[in-house]
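Descriptive structure summary
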Amino acid sequence: MKLKKLILSGGIATVLCMASGGCSGAGSNDQKSLPAGAVLIDVRSVEEFNAGHLAGAVNIPHTEIAEKISGVAKEKSTPLYLYCRSGRRVGIAMEELSKLGYTKMVNLGGAEEASQKLNRPLVTG
């Protein structure tokens, strides 16, 4: 199985992604779908999430990620795709996740950028 090592800014940032699973380099726009079993996480506040989020995303504010991640990703090897407003809070969340042993994380940046990368609409509610 071929793996790619992806270095992201804003934190611990060594990320392993399965090359065949749809993970692409930071800033790439060819990423259209999530790999099987992946979890899409919005790390913004509940209010921001309710104002508009990507279809299919789970809301876990970055300040609560360590306490709540096991509710959506029990396996440390679960591919996690995270976004916020700009990507900064994702970096913070990724550091916490890395400390917990999670190994496959992708910083999608802001919600608009993530929407374009994954070709998913923003929805409200």
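Please refer to the structure placed before this passage.
If you're wondering where the values come from, they're calculated on a predicted model, not measured in any experiment. (Residues numbered from 1 in each chain as written. Predicted model: local features only at pLDDT ≥ 70, side-chain atom pairs only at ≥ 80, totals over all residues. Heavy atoms only, no water.)

So, the pattern of salt bridges
What the rule picks out here adds up to five salt bridges. The partner of glutamate 48 in a salt bridge is arginine 89, with the nearest N and O atoms 2.8 Å apart. One end of the pair, glutamate 48, is in helix H1 (residues 46-51); the other, arginine 89, is in helix H3 (residues 88-99), and 41 residues separate them in sequence. On the basis of relative accessibility, which here comes to 24%, the residue glutamate 48 falls in the partly exposed class. Residues lysine 68 and glutamate 64 are paired through a salt bridge, measuring 2.6 Å at the closest nitrogen-oxygen approach. (Salt bridge = Lys/Arg side-chain N within 4 Å of Asp/Glu carboxyl O. Helix = DSSP H or I, 4+ residues; strand = E, 2+ residues; numbered from the N terminus. Buried < 20%, exposed > 50% of the residue type's maximum accessible area, 1.4 Å probe, protein only.)

Things to note about the environment of threonine 78
If you trace the backbone, threonine 78 turns up in the loop between helix H2 (65-68) and strand S6 (80-84). Threonine 78 gets classed as buried once you look at its relative accessible area, which sits at 13%. Between the alpha carbons of threonine 78 and tyrosine 102 there is a distance of 7.5 Å; along the sequence they are 24 residues apart. Within polar-contact distance, the side chain of threonine 78 engages the backbone oxygen of glutamate 75 at 2.9 Å. (Polar contact = N/O pair within 3.5 Å; in protein donor to acceptor, adjacent residues only side chain to side chain.)

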